[in-house]
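# Secondary and tertiary structure notes
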Amino acid sequence: MCTAEATASLLQVEETFSACLARIDALILKPLLQAEPSDQKGKENFKLLLLLNDRFQALWNLTEENYRILKQKCSTSESFCIQDIYTVWKGDLFLSLYIQYFVTFANYVVVHGFEHATKSKSEAWKHHKTVLKQFLTDFTSETSMSLALYTVLHKPIRDHIEQYIQLLTKLNEVLKEGSEKDVVTSAIKEYVKLESFISQVLDEACFTKSLWKSLGYKFTDMLCVPERRLLEDSKNLPISASTNRSDRILLFDDVLVLIQGNSFQSFDLKLVWVDENCREKSAPGLYGLRIITPEETFFLSAKDPQMKAVWQWKLNQAVRQALNGKRDFPLWGKTGEGTEPPSCRFFTYVFRLEGKFKSASYEGEWHWGKPHGKGTLKWRDGRNHVGDFKEGLEHGFGICLVPRRSEDRYDCYKCHWYEGKMRGYGICEYGNDMVYKGYFKNNVRQGFGILENVSADHPFKYTGQWENDKKNGYGVWEDKDRGERYIGTWLDDHKHGQGIVVTQSGVCYQRTFHADKMVGSGILLLEDDSVYEGNFTEDLTFVGKGKLSFANGFILEGTFTNKSGQGLQTHGILNTSNEQLDDRITKAQLGLEEFPVEKRWKGIYDQFLEFIHSGCKEETEESFTGFHIQTSKELRKSQEYLFCQRGTEDVSWKIEDILEELVQHQGLESLQNYLEKALKSSLHPLGKLLKALTIAFQATYSGIGANRHLLTMAQEEVKYYAKKIWEFYQGLLHLALEQKGQLPAKCVDGDTSDQKACSVVLPLILPCFYPELFMLYMLYHEREDDLYCQGIVDLSLFPDIKLLEFLDVQKHLWPLKDLTLTTNQRRSLIKDKCFLSATECLQKLITTVDPREKLVILQKTYEEIESTVSRVVEKDYKLPMDDLLPLLMYVVSRAKIQHLGAEIHLIRDLMDPTNQGGLYDFLLTALESCYEHIQRMRLHQRENCQVTHSS
């Protein structure tokens, strides 16, 4: 058969088929559609009949259209090609319309559509028996009308598909090997699949129809859906469920149904997992399958492995097709064989059984019957949880909203979860305007955390330790209404134990507290430098025995009373023998013995230590080290960072990269560069630790906490931070080496951990604490700096030559050549020209916070002085101490550095211990001598003025 013959045959086939469809439409469908039923069931079936008619008309229209095109082609042309055989090149369209028709036809069969139609129109249909005989060769007077309708509406169409296959097969036999033959072969395969599909669809429809006929009305009304198909029945292929579970098991294409007595359970196939590995659960001699659903797990048992294999295959294919949202083509062909449904899925489910999720709707990812991955839980009472799940429980980062019963507000928890409970770092925004940022454990606040009330009514902030959802341990409380800050210990949300209170006015006191009440005696440091030791009330009124030391050195010791309207009264002894108050009292340092530095902020260190001990797993990193995040926006970004793909241009701070890089930077210079980069990053564990410590430090010593009596506390705290950061670096390095199977290198230079912390880490972290720390130094040395500044003012009145003479600088060291004169100038009146380079160098002392760099500046100043002197004497000149001090004092007086005392003592306290006794120590001592000498000059002048005034 050539292409022309095939075209002619196709034309004839289509003409016959089109005429057949026209008769079916006129004699069968139109009469059926003329009368719409009045009962509810009939109306539902009638809608299906209308849809079936639409599918039929689409099929007929396609046939008519292609018939007209082909007929026109035959009348105008004598040459034909494969493209004229539209059943080949329009194959997809043909298949689609035929599939739609037969799926709708099967739906109508399942709901007994033809039976209902013939009953309602039985009298009218008697006139059509002769017409039906033309389509049915086996039609007799005994054949039921419903069967006749069923046959008429599917058999001619199936026969027509068979004609397509025969025609294409004959054409394929005469075609030569090539692309045209390949196209025709492919089309034949698709039409053969369509034949198989139609056969399977009709078989399933009849199988399902028989089931609904055999089941009672109760089950049929609840389970019968036109699109639902029965795939297997335990009555046909025996299998039993767990003991007393069910009498009958039905597998549909969308649900698995267990029937027991007059009740049934149905399970959505999208949330059914089939596990064949359950031998230990099966009874002897039985072959079992474990069926897993979101809330129930049960077993199906077969008596032989073949039955088990068939059920397992059918269950898996049904689940897979349900997840895909469409059936295979053909339904049970090779496409579905050997393809397991995915264990990970995305679906919505409402929990109904007792448990923490009862009545909650979960939308998200599942794995073997349990929420696993990203998901959202919503309860009817307004609660919801969005985040990560693992094996059915909240696990990982999540956001939980909990409605407050008494008001239309929510508590919002943005936290890390572990096995269904909050654990790790989180931020909770309460509905009463309070915000908690800190650690949780077992759903309560535990460890280090900050609670802040941002409302205008009673603003406060607590920074410190929590235990069992209450303030316990060391913490700092700031009452913004009263302008007070409490630094001390807590017990069950009450101030309890030793505590320091600092006020906005500068008053500071240390007392013992019991359940928020002050008990026993204490020390009260007033803003005028007076010091009271004894008992006093909350409004700072002296009561009972006590000792009051005045700023002028007088001491009043006795019993104090405060009667209403009479003011403060005392009965005691006033000692006036002391002329000046002892610095040990006026500059007393609080909290050193009461709050050992290693016991402060233990909650921060514990989390980072636990992170290292747990092996630094990336998925738990933010849970342990997340305190660097202080806003909800940052928290969201942090989570996005953890799970996103980062570009190669970014510095990778993934934990495995960090551990790898640590091993490569063990040399001193390389280590310093690495630590500097790591500590500046909010994504590196060490940078996160530094951020958390900075927050704690600022909560204690900034603002109201800037009190000179807390200087030593703050200073030793910063040093301890450096020590702990070094310890954590060592812990990370040890873990990195351990994972590589290496041993940590022994320290060859003899430096201890404290020395390393001071020399390597302290200079790197100091900028974070410098503003608050230097403020404390300024306050502590305020009186000395005032005297020094007055001395500087006095010395600045001297011209250069007069000042050099006044300071006893030897004349042969005077750089007179630097005193360049202009018109009408006298050399004796020129100022700020001598040793100018050294002066400018020393002025840079305030431009850096690093004690090392400050000492280097001091050394360069010394070198500039020595260089200037060498130029004057025209030879290398090493300055002896007797010459250095007057020259250095000259440079200091001209540099006019404010708060020089604070600068000197900060350098002295925080400098690298290895520099003690060296050149840096010598130069710093010389600078101290200059500072003290300038103070004494001013003090001597003040005393002389007082003597003169007295005379």
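Quantities reported herein were computed from a predicted structural model and do not represent experimental measurements.

Rules of the game
Residues numbered from 1 in each chain as written. Predicted model: local features only at pLDDT ≥ 70, side-chain atom pairs only at ≥ 80, totals over all residues. Heavy atoms only, no water. Axes fitted to C-alpha atoms, helices over the stretch in contact; angles between N-to-C directions. Helix = DSSP H or I, 4+ residues; strand = E, 2+ residues; numbered from the N terminus. Parallel < 35°, antiparallel > 145°, perpendicular 65-115°, else oblique. Contact = heavy atoms within 4.5 Å. Nonpolar A, V, L, I, M, F, W, Y, C, P; charged D, E, K, R; others polar. Disulfide = S-S within 2.5 Å. Pairing = 2+ DSSP bridges. Buried < 20%, exposed > 50% of the residue type's maximum accessible area, 1.4 Å probe, protein only. Patch = residues over 30% accessible without salt bridge, like charges linked within 9 Å, V, L, I, M, F, W, Y side chains within 5 Å. Areas by Shrake-Rupley, 256 points an atom, 1.4 Å probe, with all protein chains shown as cover. Salt bridge = Lys/Arg side-chain N within 4 Å of Asp/Glu carboxyl O. Left-handed = near helix turned anticlockwise from the far one by under 90°. Polar contact = N/O pair within 3.5 Å; in protein donor to acceptor, adjacent residues only side chain to side chain. Core = buried A, V, L, I, M, F, W, Y, C linked by side-chain atoms within 4.5 Å. Phe/Tyr/Trp six-rings, centres within 6.5 Å; stacked < 30°, edge-to-face > 60°. Lys NZ or Arg CZ within 6 Å of the ring centre and 35° of its normal.

### Some remarks on the packing of helix 16 (residues 655-664) against helix 17 (residues 668-680)
- As a packed pair, helix 16 and helix 17 sit with axes 10 Å apart at the nearest point and diverge in direction by 155 degrees. Compared by their axis directions, helix 16 and helix 17 come out roughly antiparallel. Contact residues: Ile 658, Glu 661, Leu 662 and Gln 664 in helix 16; Ser 670, Tyr 674 and Lys 677 in helix 17.
- A breakdown of the residues in the contact of helix 16 with helix 17 according to their chemical character gives 3 nonpolar, 2 polar and 2 charged.

### With respect to the state of the cysteines
- The full count for this structure, using the stated rule, is 0 disulfides.
- No disulfide involves Cys 400; its sulfur sits 8.2 Å from the nearest other cysteine sulfur, which is in Cys 412.

### A short note on the sheet that holds strand 2 (residues 240-241)
- A sheet is described by the order of its strands in space; here 4 strands give the open sequence 2-8-7-6, paired in antiparallel fashion. Edge positions in the sheet fall to strand 2 and strand 6 (273-275), since each has one partner strand and no second.
- Pairing analysis gives 3 bridges linking strand 6 to strand 7 (residues 287-292), with the strands arranged antiparallel. By the bridge assignment for strand 7, Asp 275 is matched with Arg 290.

### Points about unusual backbone geometry
- For Asp 433, which is not a glycine, the phi torsion comes out positive at approximately 75 degrees.
- Inspection of the secondary structure assignment puts Asp 433 in the loop between strand 15 (421-429) and strand 16 (434-441).
- Asp 433 sits in the partly exposed class, given a relative accessible area of 33%.
- Here the phi dihedral of Cys 616 falls at roughly 55 degrees; this positive angle occurs in a residue that is not glycine.
- In this fold, Cys 616 is placed in the loop between helix 13 (602-613) and helix 14 (621-625).

### Description of a nonpolar patch on the surface
- A contiguous nonpolar surface patch, about 230 Å² in accessible area, is contributed by Met 881, Leu 919 and Phe 922.
- With respect to the helices, strands and loops of the structure, Phe 922 is situated in helix 27 (residues 919-950).
- Under the relative-accessibility criterion, Phe 922 is labelled partly exposed at 35%.

### Considering the packing of helix 17 against helix 18 (residues 685-701)
- At their nearest, the axes of helix 17 and helix 18 sit 6 Å apart, and the two run at 55 degrees to each other. One finds that helix 17 runs oblique with respect to helix 18. Classified by chirality, the crossing of helix 18 by helix 17 is right-handed. Contacts between helix 17 and helix 18 involve Leu 675, Ala 678 and Leu 679 from the first element and Leu 686, Gly 687 and Leu 690 from the second.
- Along the lines of polarity and charge, the residues of the contact of helix 17 with helix 18 split into 5 nonpolar, 1 polar and no charged.

### Overview of the pattern of salt bridges
- The tally for this structure, following the rule as stated, stands at 40 salt bridges.
- Arg 908 is paired through a salt bridge with Asp 921; the nearest N and O atoms lie 2.5 Å apart. Here Arg 908 is found in helix 26 (residues 900-910), whereas its partner Asp 921 is found in helix 27, with 13 residues between them in sequence.
- Through salt bridges with shared partners, a single ionic network connects Glu 204, Asp 253 and Arg 327.

### A few points about the side chain of Glu 232
- Summarising the element assignment, Glu 232 is placed in strand 1 (residues 230-233).
- Polar contacts involving the side chain of Glu 232 include one to the side chain of Lys 314, which spans 2.8 Å.
- Filtering out sequence-adjacent residues up to four positions away, Glu 232 remains in contact with Phe 207, Leu 237, Ile 249, Leu 250, Leu 251, Trp 311 and Lys 314.

### Re the nonpolar core
- Counting residues in hydrophobic clusters, the biggest one holds 77 residues, and the most contacted among them are Ile 500, Trp 601, Ile 604, Ile 725, Ile 765 and Leu 773.
- The biggest single contributor to this core is helix 19 (residues 711-739), with 16 residues.
- The contacts of Ile 725, once residues within four sequence positions are left out, are Leu 679, Leu 686, Leu 689, Leu 690, Leu 693, Val 761 and Ile 765.
- Counting 71 residues, the second largest nonpolar core, distinct from the first, contains Ala 106, Val 184, Leu 211 and Leu 215.

### A short note on the packing of aromatic side chains
- Enumeration over the complete set of coordinates arrives at 52 aromatic pairs.
- When the ring of Phe 105 is compared with that of Phe 114, the centres are 5.6 Å apart and the planes differ by 50 degrees; the resulting orientation is tilted.
- Under the relative-accessibility criterion, Phe 105 is labelled buried at 0%.
- Ring centres of Tyr 362 and Phe 389 lie 5.1 Å apart, and the angle between their planes is 80 degrees; this geometry places the pair in the edge-to-face category. In this pair, Tyr 362 sits in strand 10 (residues 361-367) while Phe 389 sits in strand 12 (residues 384-390), placing the two residues 27 residues apart along the sequence.
- Since its relative accessible area comes to 4%, Phe 389 is described here as buried.
- By way of ring pairs, the aromatic residues Tyr 413, Tyr 430, Tyr 436, Phe 440, Phe 460, Tyr 462, Trp 466, Trp 477, Tyr 486, Trp 490 and Phe 513 are connected into one cluster.
- Above the face of the Trp 379 ring, Arg 383 is positioned so that its terminal group lies 4.3 Å from the ring centre.

### Digging into helix 7 (residues 145-152)
- Burial within helix 7 is extensive, with 7 of its 8 residues counted as buried.
- Within the span of helix 7, buried status applies to Met 145, Ser 146, Ala 148, Leu 149, Tyr 150, Thr 151 and Val 152.

### As for the pairing of strand 20 (residues 484-491)
- For strand 20, a buried count of 6 out of 8 residues is recorded, marking the element as mostly surrounded by other parts of the structure.
- Bridge analysis of strand 19 (residues 470-479) against strand 20 gives 7 bridges, and the strand direction is antiparallel. Looking at the pairing, Asp 479 lines up with Glu 484 of strand 20.
- Turn length for the strand 19-strand 20 hairpin, with the two strands adjacent in sequence and antiparallel, is 4 residues, and the turn residue Gly 483 shows positive phi of about 70 degrees.
- With 7 bridges connecting them, strand 20 and strand 21 (residues 494-503) associate as antiparallel partners. When the sheet's bridge partners are listed, Leu 491 is paired in strand 21 with His 494.

### Comments concerning the environment of Asp 808
- You can see Asp 808 is positioned in the loop between helix 22 (800-806) and helix 23 (836-842).
- Using a relative accessible area of 63% as the deciding quantity, one classes Asp 808 as exposed.
- Remark: the alpha-carbon pair of Asp 808 and Asp 883, spanning 75 residues in sequence, is separated by 9.0 Å.

### Comments concerning the sheet that holds strand 3 (residues 248-252)
- Reading across the sheet, the 4 strands line up as 1-3-4-5 and stay open at both edges, with antiparallel pairing between neighbours. With partners counted over all chains shown, the strands left at the sheet margins are strand 1 and strand 5 (263-268), one partner each. The mean inter-strand angle of the sheet, taken between neighbouring strand axes irrespective of direction, is 20 degrees.
- Note: strand 4 (residues 255-260) against strand 5, 6 bridges, orientation antiparallel. Within the sheet, the bridge partner assigned to Leu 258 lies in strand 5 and is Gln 265.
- Each of strand 1 and strand 3 touches helix 9 (residues 179-214); the most contacted strand, strand 1, lies at about 60 degrees to it.

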